[in-house]
Each structure stands twice: as C-alpha cells, then as structure tokens.
Amino acid sequence: MKKLVIFGVGLIGGSVALALKKANQYAPHIVGVGRGESSLKIALDLGVIDEASDNIEQALKGADMVLIATPVAQTPEILRAIKPHLTTSTIITDAGSTKSDVLSYAHNILGNLSAQFVGGHPIAGAEKSGVSAANSELFLNKNVVLTPTDETQLNAINAVQEMWQTCGAKVTNMTASSHDSIFAAVSHLPHLLAFALVNDLATRPNADQLFDFAASGFRDFTRIAGSSPEMWRDISLANKTALLSELSTYQAEVSNLKTMLENEDAASLQALFERASLARNAWAKSNENK
C-alpha cells in the first residue's frame, strides 16, 4: 500500500496512521480528509498525516485504500462523494461500531464497487476523542472484526486484514448481523447505561454533592460516559433493534434485583452476585495477557 486516504483523522483514524508509520519505514503516504481545517492542521503538526486535503478527487488520485473513520451517520455522504473517483483497484473499508447498516450503505451506493468494500470494527478506543488522543499502540493485541460478504473480493479482505495486523491487531471475520448482536450486548448497552447514570445524577438538585462524594467505583463504571456523544448517538440509532432487545433483557434483570431487595431475599441476592463475580473474574483473568 503506497497511499492511504483517511476520512476522519480522530482517535481511530489518527491511531491507524501513527501505527502504520511506527511499524513500517515504508509506510504509505497518508492523506487526511475531514470536516474541520483545525483538526487536520493539528494532525499535520503532530506528524499523524502527510497531507491534508479538502479536494476529494485529488485526495483519492492514486489511492490504494480509503479508510472511513468518522461517526457512522457520515458514511453514506462519504461513500457518495468518493464513488466517482474510485478505480476498480481502490479498496474501501471503515471503522464503524455497527456493520449491517454500513454494509447496506456500501451495497446501495457503491453498486458493483461494493465488492471492494470491507466492513471493519476495531475493538479499541479511549474516553477521549480527537487526533490529539491518537496513539500508535491503541490497537496492539486488540481485536478487529471484519464483516466481508460472499461478494467481497478476496484481495480486498487480505489487504484490510494486513493493514490491521500491521497496526498490531488480531483480526476476526464474522457476519454483520452476528457482529451487531454481540456488540449490542457487550459494548453498546454498557455505554448507554453509563451515559444514563451520569445524566441521572447530573440533573438532580444535589448533583454537586453527589459528584463530590463519587469515588473509584463510580469512576470505573462511568468512564465510558466520557466518550464522543455524536458517535454514540449514531451507534445507538444504527443498532436500534439489537439494542432495544438488550435493554429489555437488562430491564428484566434490574426488575428481578428490585424484587429481591423488596423481599429482603438475601440468598438470591448473594447467589446472583456470586455468579456475576465469578464470571467477571474469569473474564478478567482470561484477558490478563491480551
């Protein structure tokens, strides 16, 4: 890969650029395209990208790969903008947290060129966003899920897989529907719960007092509520069906807890806590060296 064009040089896009530069002295020429000149200037000043452009035709000239690392809702607009300037050898991929909607966008907008599109989702991030938070080791030993279809070109899959492996990631392939179902449970739901708890406390009359006494438990549970509101708005709406199902399941669990408390059912409470504690500790132990 000699030229990579990144739409959205923020935490994810910027970290990809830095990782490729760190891993390979023959790193591709990286062009950043974004909505704001100031963020692209920061990316240039930090050495994250080699070139900034607001001319999509010029940016894509000679590009081997396009990475869309913007909030998911911007994907259709970007696909429409790049389609006239793609060649039959240009590979397109994304880093969005939902995949069924993105693959649908690619199929409907790119037509035959959608065979060159590989849906992707790096399972890595931070509570801070923006290119200033970019980190060359963000993807080291982290999972990246690719969601190719039966029509996706093998060379495109291999190229995207190689890019992420160069960034230090472990790559897994699955269907878009499986991806969205899994991540509604283990990623999207926890973010909604964290946002909801912080919002609840922040809108109470004694919010200042509550936050004054909040400690490590609150910090750990709500860390992800510091994530990009725009990004999580888009993720929530894009994965609405799976997320609504997970919210219903969680509400049933909370209702069960409420009943145990009302009945002062100590045995059931302890049994639930023990099951959860064992599962959480087993998961943490299995991830110690990952």
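Each remark here, short or long, concerns the structure printed above.
Residues numbered from 1 in each chain as written. Predicted model: local features only at pLDDT ≥ 70, side-chain atom pairs only at ≥ 80, totals over all residues. Heavy atoms only, no water.

Just to check I follow, could you spell out the overall build of the protein chain for this structure?
Scanning the protein chain from N- to C-terminus turns up 12 helices and nine strands. For 290 residues, the compact-globule estimate of 2.2 N^0.38 gives 19 Å, and the protein chain sits close to it at 21 Å. For the protein chain, buried positions account for 40% of its 290 residues. In the protein chain, the share of contacts with a sequence separation of at least 24, taken over all contacts with a separation of at least 6, comes to 75%. Just so you have it, the protein chain exposes about 15700 Å², and 52% of that area is on carbon and sulfur atoms. (Helix = DSSP H or I, 4+ residues; strand = E, 2+ residues; numbered from the N terminus. Rg over C-alpha atoms; globule rule 2.2 N^0.38 Å. Buried < 20%, exposed > 50% of the residue type's maximum accessible area, 1.4 Å probe, protein only. Contact = heavy atoms within 4.5 Å. Areas by Shrake-Rupley, 256 points an atom, 1.4 Å probe, with all protein chains shown as cover.)

Just checking my understanding: could you explain the sheet that holds strand 7 (residues 120-122) for this structure?
Whenever strands of a sheet pair, they do so through backbone hydrogen bonds, lying parallel or antiparallel. A sheet is described by the order of its strands in space; here three strands give the open sequence 7-8-9, paired in mixed fashion. Single-partner strands in this sheet number two, and they are strand 7 and strand 9 (170-173). Neighbour-to-neighbour, the strand axes of this sheet turn through a mean angle of 20°, independent of strand direction. As judged from the three bridges shared by strand 7 and strand 8 (residues 143-146), these two strands associate in the antiparallel manner. Among the inter-strand pairings, Pro122 is bridged to a residue of strand 8, identified as Val144. This element, helix 6 (residues 154-166), spans strand 7, strand 8 and strand 9 of the sheet and lies at about 170° to strand 8. (Pairing = 2+ DSSP bridges. Axes fitted to C-alpha atoms, helices over the stretch in contact; angles between N-to-C directions.)

Looking at this structure, I do not really get the side chain of Lys3. What am I missing?
Inspection of the secondary structure assignment puts Lys3 in strand 1 (residues 3-7). Although Lys3 is buried, it makes no salt bridge; Glu51 carries the closest opposite charge, 5.4 Å away. Contacts of Lys3, omitting those with residues within four sequence positions, involve Pro28, His29, Val31, Gln58, Ala59, Leu60, Lys61, Gly62, Ala63, Asp64 and Met65. (Lys, Arg positive; Asp, Glu negative; His and termini not counted. Salt bridge = Lys/Arg side-chain N within 4 Å of Asp/Glu carboxyl O.)

Sorry, what's going on with the packing of helix 7 (residues 176-202) against helix 11 (residues 240-262) here?
Helices that pack against each other are described as a pair by the angle of their axes relative to one another and the distance between those axes. Taken N-terminus to C-terminus, the directions of helix 7 and helix 11 make an angle of 65°; their axes are 9 Å apart at the nearest point. Handedness of the helix 7/helix 11 crossing: right-handed. Of the residues in helix 11, those in contact with Asp180, Ser181, Ala184, Ala185, His188, Leu189, Leu192 and Leu193 of helix 7 are Ala242, Leu243, Glu246, Leu247 and Tyr250. Taken together, the residues of the contact of helix 7 with helix 11 break down into nine nonpolar, two polar and two charged. (Left-handed = near helix turned anticlockwise from the far one by under 90°. Nonpolar A, V, L, I, M, F, W, Y, C, P; charged D, E, K, R; others polar.)

Honestly, the side chain of Gln74 in this entry has me stumped. Any pointers?
Among the secondary structure elements, Gln74 is positioned in the loop between strand 4 (65-68) and helix 4 (75-82). Residue classification places Gln74 among the buried positions, given a relative accessible area of 13%. Within polar-contact distance, the side chain of Gln74 engages the side chain of Glu230 at 3.5 Å. For Gln74, the contacting residues outside a window of four places in its chain are Arg35 and Glu230. (Polar contact = N/O pair within 3.5 Å; in protein donor to acceptor, adjacent residues only side chain to side chain.)

Would you take a moment to explain helix 6 for this structure?
Given 3.6 residues to a turn, an α-helix orients residues that are three or four positions apart in the same direction. With 13 residues, helix 6 should cover 18 Å at 1.5 Å per step; its first-to-last C-alpha distance of 18 Å lies within 8% of that length. Of the residues making up helix 6, those classed as buried are Ala156, Ile157, Val160, Met163 and Trp164. Buried residues in helix 6, looked at end-on, bunch into an arc of 130°, giving them a common side. Residues of helix 6 that are exposed and angled more than 90 degrees away from the buried face: Leu154 and Glu162. Phi turns positive, to about 95°, at Gly168, one or two residues after helix 6. (Expected span 1.5 Å × (residues − 1). Arc of directions from axis to C-beta.)

Before we go on, may I ask you to explain the packing of aromatic side chains in this structure?
How two aromatic rings sit relative to each other is set out by the distance from centre to centre and by the angle between their planes. Applying the stated criterion across every chain, the model contains two aromatic pairs. Ring centres of Phe139 and Trp164 lie 5.1 Å apart, and the angle between their planes is 80°; on these two criteria the pair is classed as edge-to-face. Separated by 25 residues along the polypeptide, Phe139 in the loop between strand 7 and strand 8 and Trp164 in helix 6 bring together distant segments of the chain. A relative accessible area of 1% means that Phe139 is categorised as buried. Assessed through its relative accessible area of 0%, Trp164 is described here as buried. (Phe/Tyr/Trp six-rings, centres within 6.5 Å; stacked < 30°, edge-to-face > 60°.)

For this particular structure, what's the right way to read the sheet that holds strand 4?
One open sheet accounts for six strands, arranged 3-2-1-4-5-6; its pairing is parallel. The sheet is open, and its two borders are formed by strand 3 (51-52) and strand 6 (117-118), each paired with just one other strand. Across four bridges, the pairing between strand 1 and strand 4 is parallel. Residue pairing in the sheet places Ile6 in a bridge with Leu67 of strand 4. On top of the sheet, helix 4 reaches strand 1, strand 4, strand 5 (91-94) and strand 6; it is set at about 160° to strand 4, its chief contact.

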